[in-house]
Every structure is written in structure tokens, then in C-alpha cells.
There are 2 protein chains.
Amino acid sequence: MKPKGFVRRTRQREAILAVLKGTKCHPTADWVYQEVRKEMPHVSLGTIYRNLRTLSEHGEIQELAFGSAHSRFDANPDNHYHFICEECGTIEDLEMPALAELGKEALKLPGYEVRGHRLEFHGICPHCSHHRSDDYAN
Amino acid sequence: MKPKGFVRRTRQREAILAVLKGTKCHPTADWVYQEVRKEMPHVSLGTIYRNLRTLSEHGEIQELAFGSAHSRFDANPDNHYHFICEECGTIEDLEMPALAELGKEALKLPGYEVRGHRLEFHGICPHCSHHRSDDYAN
DNA sequence: GAATAAATGAGTAGAATTATCAATAATGGA
DNA sequence: TCCATTATTGATAATTCTACTCATTTATTC
Ligand SMILES: [Mn+2]
Ligand SMILES: [Mn+2]
Ligand SMILES: [Zn+2]
Ligand SMILES: [Zn+2]
């Protein structure tokens, strides 16, 4: 029987994945669009966005973004680390002290001038974890 | 004598900074806008964006964003770290192995389910570093 | 108080991303 | 091979976030 909600294999999706696998440049959606268009001139930009999301939801690629795309601001200008909830998007400070060794580790790269680093953890916050167990109780 | 290019102290900027200092929630520009409006109903959204940028350029606050706002995509779904150039925005993979201890460190937080972490270094890439010394040569 | 120019408010513009929906095409079964 | 189903597409409109414009206001120094 035909499963409901399965993922189809389309020429467009294959092309997008191939383009992404063929570069090391961590491209934007639009860059991928321009590349795919060379082989498939009628492809739609919406298709690119849709597939990039689908692919990353299925763990075939990853999206590098800060949570929900738009900027967040922090009154504390000193480097510190954050926990971001995948469910509700809240961002919380971690008490963990900034790791000086991390900077030194990366300084080994010849020619690179490392000025700082950012570390963030993601997962489920206690609040959302609660809600989830409520759901299972139904 | 009046210096040129100095930063003025305005009611709006003070209010924005006060709002930001008064929360731990890492708000968006719009959230700050709604808050400031309660005390200052005629404040403009443009003023909020302008000041948030000014304040972070002067190191009084920090902006949490992924480089140039829009998403980048990566064909490699496994966790690995990146170097981001502040000048040209290029993102490069680091050979550094993912640090397992980091996850364990954060797992100490009770109630949090840590699923992963992201680490990125920022600074100046060799290419831009070159250009910069060219500039000084003039 | 007057001169200066930084900053504001109101509106417009742009860029990135998402939503809509009729048409298309991938899939598994007959 | 043909069919029914429905995930996916292409084209376009709509949103959303952020930057820009410019006349007016206002903080700052003298
Ligand atoms: Mn913080
Ligand atoms: Mn990468
Ligand atoms: Zn949560
Ligand atoms: Zn660079």
C-alpha cells in the first residue's frame, strides 16, 4: 500500500542536492537557484526554498541560520554562550565561562586572524519538555 | 570644541538601552519597539533599528545573528565548525573535530535536553588580510 | 541663545522568504 | 501499461524584516 506523507524523488530535488554537494561555499538559496537554473531553466525559486527546507528537515543537508532568521539583541556585550530551544525559540544565557582555549585552537590556522567565536547549544527547554509529556498523557 | 562624528545622548536611545537591559529574553527589534512605544508612543521603528545597530557597533550591546541575516546551506549534515570572515562573509569549514565534551558540559543543566551545539569562529580570512595590507601600502 | 550637525519620524523601498493554488508528475497497485 | 492518488511544481502574490530618504527636530558646544 502507498504510504501517506512519503517523500518523492523529483528531478528538481536531485538537482538541488547535486548542486549543494558540488560546492564547498555554503551557498545562499539564491546561489543554488542560479546554479540549478543553468540545467533547468524553468525551475522556480519557491521550489528551491521548499526543497532546501525539506532536505534539512530530513537531515540530508543542514541550514546555517540563527534560529528564526531575524536578529536578536542582547544587552550583555561580553562573549557568553546560549541555549536555543528548537521548539519555542527562546534563547537563554548559559553560565558556562567563555572558553579561552577555543580561540587558541583556531589560531593554529595559518593566515586567519581569529577575533572571536560563538558557541550555542540547541535542544528542548524544560518548559517545552513539560508540554511534550502532557501531550503523551492524552 | 565640538568633535565631529560624536554620538549624542537621546531619550530614544536611552529608552531602547533601558528596555534591553531590563529583559533577559534576547528580544527582536520589533519586541523592543513595542516596549519602547509604551513609554514613547511616537517612536519610529526606523529609530529602533538605527539605534540597535549603533549601540552594537559601539559595543554597548550585541546582536545575535548569523552573518548577513540570510540562510546559508551546507551539503554536509554532520556537525562541524566554521570560520566566518567579517570582511567578505565567506564561510569555511574547519578541520577541527567536533568536541564531544562540549555537549556533556551543557548536559549538566537540569531539565534541558541538549541535542547539539554550534561553534563558529569569526575574524579575517587570509584573502581579506592580504587586501588590507595592500591598502596600507598606498 | 545661536550655530552646528546628529538624530528623529514618517514614509518608502528593497531583499529574503513564505503562502496560494491550479497544473503537473512521481508512485504503487491493478 | 494504465490508473488513481497526492506530493510537488511553477508562477505569482503576500509577508516580513531591515535599510533608506529627507524634512524637521533636538542635543551639544560656544
Ligand atoms: Mn545572552
Ligand atoms: Mn560546512
Ligand atoms: Zn522551549
Ligand atoms: Zn574574507
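The following paragraphs examine the structure supplied in this document. The numbers attached to residues start from 1 for each chain and follow its sequence in the written order. Written order decides the labels, with chains lettered from A and ligands numbered from 1. Local features are withheld for residues below a pLDDT of 70 in this predicted model, meaning they are given only at 70 or higher, and side-chain atom pairs are given and counted only at 80 or more; totals for whole chains, interfaces and linings count all residues. Only heavy atoms go into the side-chain values, all of them from the structure, while hydrogens and water stay out.

**Focus: the overall build of chain A**
Working definition: helices are DSSP H or I runs of at least four residues, strands are E runs of at least two. Numbering for both runs from the N terminus. Scanning chain A from terminus to terminus reveals five helices and five strands. Here a residue-residue contact requires only that any non-hydrogen atoms of the pair lie within 4.5 Å. Restricting the contact set of chain A to residue pairs at least 6 apart, pairs at least 24 apart contribute 47%. Per-residue and other accessible areas were derived by the Shrake-Rupley procedure at a 1.4 Å probe size, with only the shown protein chains allowed to occlude residues. Of the roughly 8700 Å² of accessible surface on chain A, a fraction of 51% belongs to carbon and sulfur atoms.

**Let's talk about the coordination of the manganese ion (ligand 2)**
Within the protein, His 26 of chain A (NE2), Asp 74 of chain B (OD), His 80 of chain B (NE2), His 82 of chain B (NE2) and Asp 93 of chain B (OD) serve as the donor atoms for the manganese ion (ligand 2), at 2.0 to 2.2 Å. Residue Asp 74 of chain B shares its accessibility class with His 80 of chain B, and that shared class is buried. As a rule, N, O and S atoms within 2.8 Å of a metal are its donors, except that Na, K and Ca use 3.2 Å; water is not among the atoms, so sites may look incomplete. The cut-offs for exposure are 20% and 50% of the maximum accessible area for each residue type, with area from a 1.4 Å probe on protein chains only; residues under the lower value are buried, those over the upper are exposed, and the others partly exposed.

**Describing unusual backbone geometry**
Residues and elements named next belong to chain A. Backbone geometry places His 26, a non-glycine residue, at a positive phi of 50°. As for its position among the elements, His 26 is in the loop between α1 (11-21) and α2 (29-39). Judged by its relative accessible area of 3%, His 26 is buried.

**Some details on the coordination of the manganese ion (ligand 1)**
Within the protein, the manganese ion (ligand 1) binds to Asp 74 of chain A (OD), His 80 of chain A (NE2), His 82 of chain A (NE2), Asp 93 of chain A (OD) and His 26 of chain B (NE2); these donor distances fall in the range 2.0 to 2.2 Å. Of this pair, Asp 74 of chain A sits in strand β2 (residues 72-74) while Asp 93 of chain A sits in strand β4 (residues 91-93), placing them 19 residues apart in sequence. On the basis of relative accessible area, Asp 93 of chain A is assigned to the partly exposed category, the value being 33%.

**So, the environment of Phe 121 of chain B**
Residues and elements named next belong to chain B. Assignment of secondary structure puts Phe 121 in strand β5 (residues 113-124). With a relative accessible area of 0%, Phe 121 lands in the buried category. Taking the C-alpha atoms as reference points, Phe 121 and Cys 88, separated by 33 residues in sequence, lie 14 Å from one another.

**Quick word on the packing of aromatic side chains**
Aromatic contacts are taken between Phe, Tyr and Trp rings whose centres are within 6.5 Å, Trp giving its six-membered ring; a plane angle under 30 degrees counts as stacked, one over 60 as edge-to-face, and the others as tilted. Tallying each qualifying case throughout the model produces two aromatic pairs over all chains. Arranged with centres 4.8 Å apart and planes meeting at 75°, the rings of Phe 83 of chain A and Tyr 112 of chain B form a pair that is edge-to-face. Highlighted residues: Phe 83 of chain A in strand β3 (residues 82-85) and Tyr 112 of chain B in the loop between α4 (100-107) and β5, drawn from two different chains.

**Notes on the relation of the copies chain A and chain B**
Our superposition of the copies is a least-squares fit, built on the C-alpha atoms of residues whose pLDDT is at least 70 in both. Each copy superposes on the other: chain A lies on chain B with an RMSD of 0.3 Å after a rotation of 179° and an axial shift of 0.0 Å. Here the copies are linked by what is in effect a two-fold axis. Among all residues of chain A, the minimum C-alpha distance to the rotation axis is found for Leu 119 of chain A, at 2.2 Å. The fraction of interface residues of chain A whose copies in chain B are also interface residues reaches 100%, indicating that both copies meet through the same surface.

**Comments concerning the pattern of salt bridges**
Just to be clear on terms, a salt bridge is a Lys or Arg side-chain nitrogen sitting within 4 Å of an Asp or Glu carboxyl oxygen. Under the criterion given, the structure shown has twelve salt bridges over all chains. Among the ionic pairs, Glu 14 of chain A bridges to Arg 9 of chain A, the shortest N-O distance being 3.2 Å. The exposed category is assigned to Arg 9 of chain A, whose relative accessible area is 70%. Salt-bridge contacts for Arg 118 of chain B lead to Glu 120 of chain A; the nearest nitrogen and oxygen are separated by 3.3 Å. Taken together, the residues span two chains, with Arg 118 of chain B in strand β5 and Glu 120 of chain A in strand β5 (residues 113-124). In this pair, the class of Arg 118 of chain B matches that of Glu 120 of chain A, namely buried. A single salt-bridge network, built from bridges that share partners, covers Arg 118 and Glu 120 of chain A together with Arg 118 and Glu 120 of chain B.

**Quick word on the side chain of Thr 47 of chain B**
With respect to the helices, strands and loops of the structure, Thr 47 of chain B is situated in helix α3 (residues 45-57). Look past the residues within four positions of Thr 47 of chain B in its chain and what remains in contact with it is Gln 12 and Ile 16 of chain B.

**Let's talk about the interface of chain A and chain B**
Facing 60 residues of chain A, the contacting portion of chain B comprises 60 residues. Summing both partners gives a buried area of about 5600 Å² for chain A against chain B, and 58% of it is carried by carbon and sulfur. Two parts placed together each lose some accessible area; with a 1.4 Å probe, that loss summed over both constitutes the buried area. Contact with chain B buries surface across chain A, with His 26, Phe 73 and Arg 118 of chain A losing the most and accounting together for 16% of the total. Applying the counting criterion to the chain A and chain B interface returns four salt bridges. As used in this structure description, the phrase polar contact means that two N or O atoms lie within 3.5 Å; if the pair is within protein, one of them must be able to donate a hydrogen and the other to accept it, and residues adjacent in sequence are counted only when both atoms belong to side chains. In this assembly, chain A and chain B are joined by 36 residue pairs in polar contact (both at pLDDT 80 or more). Looking at the side of chain A that touches chain B, the element that brings in the most residues is β5 of chain A, giving twelve residues. Looking at the side of chain A that touches chain B residue by residue, the class counts come to 29 nonpolar, 15 polar and 16 charged. Of the strand pairs in this sheet, β5 of chain A and β5 of chain B are connected by eleven bridges, and their pairing is antiparallel. Note that in β5 of chain B the partner of Glu 113 of chain A across the bridge is Ile 124 of chain B. For this classification, the nonpolar set comprises Ala, Val, Leu, Ile, Met, Phe, Trp, Tyr, Cys and Pro, the charged set comprises Asp, Glu, Lys and Arg, and every other residue, Gly included, is treated as polar. What makes two strands pair is DSSP finding at least two bridges between them.

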